[in-house]
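Observations on the three-dimensional arrangement
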2 protein chains.
Amino acid sequence: MADAVLFEFLHMEMVAELCAHDPDPGPGGQNMNLSVLESMGFRVGQALGERLPREMLAFREELDVLKFLCKDLWLAAFQKQMDSLRTNHQGTYVLHDHSFPLLLPMAAGLQYLEEAPKFLAFTCGLLRGALCTLGIESVVTASVAALPGCKFQVVIRNA
Amino acid sequence: MADAVLFEFLHMEMVAELCAHDPDPGPGGQNMNLSVLESMGFRVGQALGERLPREMLAFREELDVLKFLCKDLWLAAFQKQMDSLRTNHQGTYVLHDHSFPLLLPMAAGLQYLEEAPKFLAFTCGLLRGALCTLGIESVVTASVAALPGCKFQVVIRNA
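The text that follows walks through the structure, step by step, so that each part is easy to find. The shown structure was predicted, so the numbers you read here are calculated from the model rather than taken from an experiment. (Residues numbered from 1 in each chain as written. Chains lettered and ligands numbered in written order. Predicted model: local features only at pLDDT ≥ 70, side-chain atom pairs only at ≥ 80, totals over all residues. Heavy atoms only, no water.)

1. Quick word on the sheet that holds strand β1 (residues 84-87) of chain B
Note on sheets: strands pair through backbone hydrogen bonds, and any given pair is parallel or antiparallel. Residues and elements named next belong to chain B. Sheet architecture is open: 4 strands sit in the order β1-β2-β4-β3, paired in antiparallel fashion. The strands lining the two open edges of the sheet, one partner per strand, are β1 and β3 (138-143). Looking at each pair of strands side by side, their axes are set apart by 20° on average, direction ignored. As paired strands, β3 and strand β4 (residues 150-156) are joined by 6 bridges and run antiparallel to one another. Counted as the bridge partner of A142 is F152 from β4. (Pairing = 2+ DSSP bridges. Helix = DSSP H or I, 4+ residues; strand = E, 2+ residues; numbered from the N terminus. Axes fitted to C-alpha atoms, helices over the stretch in contact; angles between N-to-C directions.)

Printed below as a string of structure tokens:
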């Protein structure tokens, strides 16, 4: 039995359940579901952050915190590391995962591209929540170019 | 970082989110939320069951299947084994977990006892779904006597 998949299955069900309430939502309805997913992710990210050893909370540099998310948080949540991390050195970071586990079930084709935001909202919140616990306020968005790859853009507030 | 807690945190958020829609539901409303949680668990249990190696699907005896759930499924989902398994040899099984991880956050006192069903519905479904994939139709209910311990009763249909 693979325990890692339990989180993935539960996440999939949660997306299905939240989006089933509005089978044909207007733009506002869909956004509300995404924002519910995002805030669930935020609270889970916060809670994960609070379980970190104290010395990890004392990161000096912003970049160190981002590297930590790409390595340790990603490994804990998805059993892999982020594939690349780029920054403009002005508070914007782009985290690129070439094969994001929560998008794998729909990796078969481009026809599912418009479904992708539903499967990314929770993780955007997860990153934002973990950053928040580590003392960094941010805005996190995600974009998909080629399934199952995706990019998370982290913009640090007041950077 | 502890990856096992990711599932627990997500489960907690899901319970909170589903039950937040009806802050003061009638008896029917509360039951509907529980049934939504139970069917999410059912589908996750089914999906987990489908990932089992083929030879595991060929269990001969009902009791072997139940032992498998108590050992392997529980270990995969909750990083511990079930504490005891009893049967009346007529298709009814009682699975006793002395310290059920999803109840631990409310283990502080009896005042939370009435909240417990919300935190057990998903797992009832999980057991029912895994049993279903293994070819056994069942009814699974849960009861709490002393937090954080709980008992799952599995009644096999047409036993």
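We are not done yet, so read on.
2. Quick look at the interface of chain B and chain A
Taken together, the contacts link 30 residues of chain B with 30 residues of chain A. For the pair chain B and chain A, the two sides together bury roughly 2,800 Å², of which 82% comes from carbon and sulfur. Seen at the junction of chain B and chain A, the total is 2 salt bridges. For the salt bridge of E13(A) with R43(B), the shortest nitrogen-to-oxygen distance reads 2.6 Å. Among the secondary structure elements, those contributing two or more residues to the side of chain B that touches chain A are α1 (4-20), α2 (27-50), α3 (62-78) and α4 (116-133) of chain B. (Contact = heavy atoms within 4.5 Å. Buried area = accessible area lost by both parts, 1.4 Å probe. Salt bridge = Lys/Arg side-chain N within 4 Å of Asp/Glu carboxyl O.)

3. As for the pattern of salt bridges
Counted by the stated rule, this structure contains 12 salt bridges over all chains. Linking D83(B) and K80(B) is a salt bridge whose minimum nitrogen-to-oxygen distance equals 3.3 Å. Judged by its relative accessible area of 19%, K80(B) falls in the buried class. K118(B) is paired through a salt bridge with E115(B); the nearest N and O atoms lie 2.7 Å apart. Its relative accessible area of 16% is what places K118(B) among the buried residues. Under the relative-accessibility criterion, E115(B) is labelled partly exposed at 29%. One network of salt bridges, with partners in common, ties together K80(A), D83(A) and D97(A). (Buried < 20%, exposed > 50% of the residue type's maximum accessible area, 1.4 Å probe, protein only.)

4. A closer look at the relation of the copies chain B and chain A
Once turned by 180° and shifted 0.0 Å along the axis, chain B lies on chain A with an RMSD of 0.0 Å. These values place the two chain copies in the arrangement generated by a two-fold rotation axis. When C-alpha positions in chain B are compared against the rotation axis, the closest is assigned to F7(B), at 2.5 Å. Interface overlap between copies is the fraction of interface residues in one copy that are interface residues in the other; for chain B against chain A it reaches 100%, indicating a shared surface. (Least-squares fit on C-alpha atoms with pLDDT ≥ 70 in both.)

5. Re the environment of K71(A)
Counting through the fold element by element, K71(A) comes out in helix α3 (residues 62-78). K71(A) sits in the partly exposed class, given a relative accessible area of 44%.

6. Details of the packing of aromatic side chains
Enumeration over the complete set of coordinates arrives at 14 aromatic pairs over all chains. Ring geometry for F7(A) and F122(A): centres 6.1 Å apart, planes at 50°, overall tilted. On the criterion of sequence distance, the pair formed by F7(A) in helix α1 (residues 4-20) and F122(A) in helix α4 (residues 121-133) is long-range, its members being 115 residues apart. Take F122(A): its relative accessible area is 0%, and that puts it in the buried class. Aromatic side chains W74(B) and F152(B) sit 5.5 Å apart centroid to centroid with 70° between the ring planes, which places their arrangement in the edge-to-face category. With W74(B) in helix α3 and F152(B) in strand β4, this residue pair connects regions lying 78 residues apart in the sequence. We classify W74(B) as buried; its relative accessible area is 0%. Joined through ring pairs, the aromatic side chains of F7(A), W74(A), F78(A), F100(A), F122(A) and F152(A) make up one cluster. (Phe/Tyr/Trp six-rings, centres within 6.5 Å; stacked < 30°, edge-to-face > 60°.)

7. Here's the deal with the nonpolar core
By size, the foremost hydrophobic cluster in this structure holds 100 residues, and its most contacted members are F152(A) and F152(B). For this core, the element with the most residues is α4(B), which contributes 10 residues. What F152(A) contacts, discounting residues up to four positions off in sequence, is W74(A), M82(A), Y93(A), V94(A), L95(A), F100(A), L120(A), T123(A), C124(A), L127(A), T141(A) and A142(A). (Core = buried A, V, L, I, M, F, W, Y, C linked by side-chain atoms within 4.5 Å.)

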